[in-house]
Amino acid sequence: MNYDYSFDTEEDSSHVPPGTLQNLAAEKEAEKAANCARILTETFGHTEYKGKQKEIVEAATSGLDVFVLAPTGMGKSLCFQIPAIADKFGISIIVSPLLALMKNQVSSLRRKGLPAVSWTSDTPKGERDQIIEDLESGKPQTRLLYTTPEKLCTREMTRLLDIVYVEGELNRLVVDEAHCISEWGHDFREEYRRLGSFRERFHGVPIMALTATATPSVQTDIIRNLKMSEERLFTASHPFNRTNLFYDIKYTAALDSLSRMSAVYDFVMTLHRRRARPSSGIIYCRTRAACDELSAFLRGKGISARPYHRGIRPHMLDKTLSEWEAGGNGDGGVDVVCATIAFGMGIDKSDVRYIIHYDLPKSFEGYYQETGRAGRDGCPSKCVLYYSREDAFRLRKLVSDSHAKRQHVASTIHGPQPSQRSIDSFSALIDYAENATMCRHVSICKYFGEKIDTSDKEVVKSYCDNMCDVCKYPDKTLRRRQNLSSEDRVAALSHSRSFNADAFEDDAENSRPAPRKPPPGQHNPGQAGSVGLRGPNTCPTGPPTKKAKLEALPPALITKPYSSVNTLRKPFKTPFKVPFKQPPQETCAIQSSDAQQTTQEGEEQNHDNDEIEVVEVCFNSARQASRDELLQDDVLEEEPTDFGQGGGDILLDDEPQIDLPDIDIELEAMISKKIPEPARKDVFRTIRQALHRVLRWGDNDEGLWVNLSNAPSNAEARYLLLAEAAKKIEYSVHTMSATESGYNQRAKAKLDVVKLMEHRESLWPIDAAHYDDDEEEAIEMIGLLRNICSGWRKIGKRKAP
Ligand SMILES: Nc1ncnc2c1ncn2[C@@H]1O[C@H](COP(=O)(O)OP(=O)(O)OP(=O)(O)O)[C@@H](O)[C@H]1O
């Protein structure tokens, strides 16, 4: 077994002259090192080690516990793969948080002819039986077994590892993405906590933990939790800095998604032009809908883009991933993926030239992880974060509400209080974005605990050679940040600073004013500790009240749109009339999708609403414009073929029908006639029915309507309102579909989302912040209903004599 290399030589050494023993040990170490170097070149094809890989690999093969803290893309995987293969026999167990990550690594090792397997809940029975048989033999042929923490802690796995351990063939436990162990880590997973028992059960088996995103407190937590040996611990820390990444913050307004989509398009096209060929990129969006919308927009403008999120079927995701891995070089394939964070850890494409954060991430670590997908080949690459205070406020609310709810649950069950970590991490990200005077590279490294003398220009230069917006365009960056909105808004975004008080303290120009103190006894809504980001001792024991939340939100900001919007077509007046058959007076504005006319009427009466309306008009028109181009593309997205046969498929909704009056609504006109009109009408009717059923649900007469504060109260108006919602939902299904079967599939998925709204009351409160991934679309749909309701109220007011 491999331990014969390590430190258990003392007992046998009593009769060996000391000098000889040392020589023997040194020779053995040299032999092992040479073997590892051979594996590096012959098996993995690299000419030399990167960073501290050599030291790590050698520490591991000599039987030490190893803690590796290294930046994204450094090559952490080789740090455990080489020792696993260099061991003469026996198995290394690798615990990893993501199935996709394991799948990638295992298939890449297998392509090299190495005996690696993964055992997860997804493993087919035949494969699982083979793994069990191999482990039961006590002398496994498998050298690397990837698994999840949940699987590792099962009785069956423990039984099998007992067998292997007794035979002396259990070589090492590797915990990849080890920050998941720490309750302070951004991807905390409860099951990781139980990994500490490995050390107790399997004495003497070395442990290696690796992570790219751990602050000093998280590092300590990991080492303590895994019960790593203090005496025999090798720690390898690398600087966090990724010098080849250009960090850029685009200060913008959150509300105008068209401007932002256009800006993204401009950015991508400029890059393509400059490089004279397409480039590979990832655009991170917070919601699935944004991924779909943005990728459709880019595709409509000729960029090879695809969405990637958990709402898409796994085989389509695999296809997107492999096409993206092949793309980005002008030879076809997918150039850019518009993804949620499902597309993160473990994505290892060497030539990703840009990462765009279309929305603000929820944590600093998440931001760093995701930008870390860029430039893994060491070549310059750009990381762009679209930052708006509107978005920051909105997200801050989600983060702090979610924290307050966790606190509430903890107090109810008398459990331990959740840490302040998620709030602090998010606050640090806001500070990072708000700071227009400190080098981005320096800010990132300081966040992760590096001590940097920022007064020394040479030191700063060693971190960043004009590779961020602050260093490259200091005046412009500062001006753009200052243009965002009045400075006192910044105070409202400020935070408790408990995480790392000096992280960004030396903002050279002190451009961020200290939060204003409220007069004694007066509530200051934006301050940490009041409503949004609370300090540890100021948290209430229950979720914040609705009133408090509303107070905390500042009015929305309207900042300048991007110039490229002006190049889009002028407001579009649809040639298609969209009349309802019997429009009651209250509803004639909402029924019309001729937004231009609505706006003109609005302009005469109410200026306050104009901006909002104008944005909507521009959006509709440009959407139409982009759609025109979009539809020239014959196949937008390859559709799964195993689903649905024709237009009638959606009628499978066998719920009891409600007697609704006919509304002769003309669906949003599409130039493409791929989906027959009758099929579209079926979908519209089915969704309309479902919406009515859902909203009637509940103990009281009002059903779920009580949650829509601006909803009209009369039945006729409600019929029209839900017809409008059904029309919009059908439209979104249609826009995304190129074939009838794809259309049916999406329609069914939307219907499921509508149904989901029914039994999940927790999704309905206006401040619903705690929801699972599969409920995200339901939350968005409820948002759509709210929007239609508030448009209703606005238009109703305008129409009043
Ligand atoms: N010694 C080396 N020389 C050249 N390239 C290397 C070397 N070691 C690893 N690499 C390459 O670096 C890339 C990143 O490796 P890996 O995925 O292991 O990084 P990581 O540190 O785990 O990153 P992350 O934390 O972002 O997932 C891979 O494409 C790998 O082939």
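So, how was this worked out
- Residue positions are given per chain, counted from 1 along the sequence in the order it is written.
- For a predicted model such as this one, the threshold for reporting local features is a pLDDT of at least 70, and the threshold for listing and counting side-chain atom pairs is 80 or more; totals across whole chains, interfaces and linings nevertheless cover every residue.
- UniProt positions are given in the numbering used here, feature names are shortened, and annotations may be inferred rather than shown by experiment.
- By definition, any uninterrupted DSSP run of H or I lasting at least four residues is a helix, any uninterrupted run of E lasting at least two residues is a strand, and each is numbered from the N terminus.
- For the exposure call, what matters is how many other C-beta atoms sit within 10 Å of a residue's own: 20 or more marks it buried, 12 or fewer exposed, and in between partly exposed, using C-beta atoms placed from the backbone.
- Here the contact rule is simple: place C-beta atoms from the backbone, and any two residues whose C-beta atoms are within 7 Å are in contact.
- Throughout this description, a residue near a molecule or strand is one whose C-beta atom, derived from the backbone, lies within 6 Å of it.
- Only Asp, Glu, Lys and Arg are considered charged, only Ala, Val, Leu, Ile, Met, Phe, Trp, Tyr, Cys and Pro nonpolar, and every remaining residue, Gly among them, polar.
- Two strands pair if DSSP finds at least two bridges between them.
- Note on definitions: angles span 0 to 180 degrees between N-to-C directions of axes, and those axes are lines fitted to C-alpha atoms, for helices only across the stretch in contact.
- A score between 0 and 100, pLDDT records how confident the predictor is in each residue.
- Working rule for helices: expected span equals 1.5 Å times residues minus one.
- In these notes the angle categories are as follows: under 35 degrees is roughly parallel, over 145 is roughly antiparallel, 65 to 115 is roughly perpendicular, and the rest is oblique.
- Note: crossing handedness is left-handed where the near helix turns anticlockwise from the far helix by less than a right angle, and right-handed where it turns clockwise.

As recorded by an unreviewed UniProt entry, the protein carries the name ATP-dependent DNA helicase and is attributed to Suillus subaureus. If you open the UniProt record of the protein and go to Subcellular location (unreviewed entry), you find "Nucleus".

Caption draft 1: Quick peek at the overall build of the protein. Check the secondary structure of the protein and you find 28 helices and 13 strands. Looking at the 801 residues of the protein, the share that counts as buried comes to 44%. For the protein, contacts bridging at least 24 residues in sequence account for 77% of all contacts bridging at least 6.

Caption draft 2: Seen up close, the site of the ligand. Close contacts around the ligand come from 19 residues, with His46, Thr72, Gly75, Lys76 and Ser77 the closest. Per-element accounting of the shell around the ligand gives the leading share, three residues, to helix α3 (residues 76–86). Within the shell around the ligand, the residues separate by chemical class into six nonpolar, nine polar and four charged.

Caption draft 3: View of the pairing of strand β5 (residues 170–175). Extensive coverage of β5 is indicated by the burial of six of its six residues. As paired elements, strand β2 (residues 91–95) and β5 share five bridges and run parallel to each other. Bridging from a neighbouring strand, isoleucine 91 pairs with leucine 170 of β5. Bridge count for β5 against strand β6 (residues 207–211) is three bridges, and the pairing is parallel. The residue of β6 that forms the bridge with valine 174 is methionine 208.

Caption draft 4: Summary view of the sheet that holds strand β11 (residues 336–339). The strand order across the open sheet built from six strands is β8-β13-β12-β9-β11-β10, with neighbouring strands paired in parallel fashion. At either margin of the open sheet sits one strand with a lone partner, and together these are β8 (245–251) and β10 (305–308). Neighbour to neighbour, the strand axes of the sheet diverge by 15 degrees on average, direction disregarded. Here strand β9 (residues 280–284) runs beside β11; their pairing, made up of four bridges, is parallel. Within the sheet, the bridge partner assigned to isoleucine 282 lies in β11 and is valine 337. Helix-sheet contacts for helix α11 (residues 288–300) involve β9, β10 and β11, and the interaxial angle to β10 is about 170 degrees.

Caption draft 5: Looking closely at the sheet that holds strand β4 (residues 144–147). In space, the seven strands of this open sheet follow the order β3-β4-β2-β5-β6-β1-β7, with parallel pairing throughout. The strands lining the two open edges of the sheet, one partner per strand, are β3 (116–119) and β7 (233–237). Between one strand axis and the next, the sheet turns by 15 degrees as a mean value, whatever way the strands run. Sheet topology note: the β3/β4 ladder contains four bridges and is parallel. Across the sheet, tryptophan 119 pairs through a bridge with threonine 147, a residue of β4. Packed on one face of the sheet, helix α2 (residues 53–61) meets β1 (65–69), β6 and β7 and runs near 160 degrees to β1.

Caption draft 6: Highlighting the environment of isoleucine 675. If you trace the backbone, isoleucine 675 turns up in the loop between α24 (610–630) and α25 (677–696). Along the sequence, isoleucine 675 and glutamate 740 sit 65 residues apart, while their C-alpha atoms lie 5.6 Å from each other.

Caption draft 7: View of helix α16 (residues 440–447). Burial of α16 is extensive: eight of the eight residues sit out of reach of the surface. Residues Arg440, His441, Val442, Ser443, Ile444, Cys445, Lys446 and Tyr447 constitute the buried set of α16. Residues of α16 that are buried sit in contact with β8, α13 (364–371), α15 (421–434), α17 (457–463) and α18 (469–472). In the stretch just after α16, glycine 449 is the one whose phi turns positive, near 100 degrees.

Caption draft 8: Region of interest: unusual backbone geometry. In this structure, lysine 227 is a non-glycine residue whose phi angle is positive, near 55 degrees. Looking at the secondary structure, you find lysine 227 in the loop between α9 (216–225) and β7. For lysine 227, a count of 15 C-beta atoms within 10 Å translates into the label partly exposed. Positive phi values are uncommon outside glycine, yet alanine 276 reaches one of about 60 degrees. With respect to the helices and strands, the residue alanine 276 is situated in the loop between α10 (257–275) and β9.

Caption draft 9: Representation of the confidence of the model for the protein. Per-residue confidence for the protein gives a mean pLDDT of 73; residues scoring 70 or more make up 68%. Counted against residues more than four places away or in other chains, residues 1–14, with its pLDDT under 50, gives 20 contacts. Between residues 797–801, whose pLDDT stays under 50, and residues either more than four places distant or in other chains, the model counts five contacts. Two summary scores accompany this predicted model of the complex, namely pTM at 0.59 and ipTM at 0.98.

Caption draft 10: A look at the environment of valine 166. Within the secondary structure, valine 166 sits in helix α7 (residues 155–166). Accessibility expressed as a C-beta count within 10 Å gives 10 for valine 166, which makes it exposed. The spacing of valine 166 and glycine 138 is 28 residues in sequence and 7.8 Å in space, taken between C-alpha atoms.

Caption draft 11: Region of the structure containing helix α5 (residues 125–136). Here α5 is twelve residues long and its end C-alpha atoms lie 16 Å apart, about the 16 Å a rise of 1.5 Å per residue gives. A positive backbone phi angle near 80 degrees is found at glycine 138, which sits one or two residues after α5.

Caption draft 12: Representation of the packing of α5 against α7 in the model. At their nearest, the axes of α5 and α7 sit 8 Å apart, and the two run at 35 degrees to each other. Listed contacts from α7 to Ile132, Leu135 and Glu136 of α5 are Leu160, Ile163 and Val164. Along the lines of polarity and charge, the residues of the contact of α5 with α7 split into five nonpolar, no polar and one charged.

Caption draft 13: Main features of the packing of α2 against α3. At their nearest, the axes of α2 and α3 sit 9 Å apart, and the two run at 40 degrees to each other. Comparing the axis directions of α2 and α3 gives the class oblique. Along this stretch, α2 crosses α3, giving a crossing that reads as right-handed. Packed against α2, whose contacting residues are Gln53, Ile56, Val57, Ala60 and Thr61, the element α3 presents Leu78, Cys79, Phe80, Ile82, Pro83 and Ala86 at the interface. Here the residues of the contact of α2 with α3 are counted per class, giving nine nonpolar, two polar and no charged.

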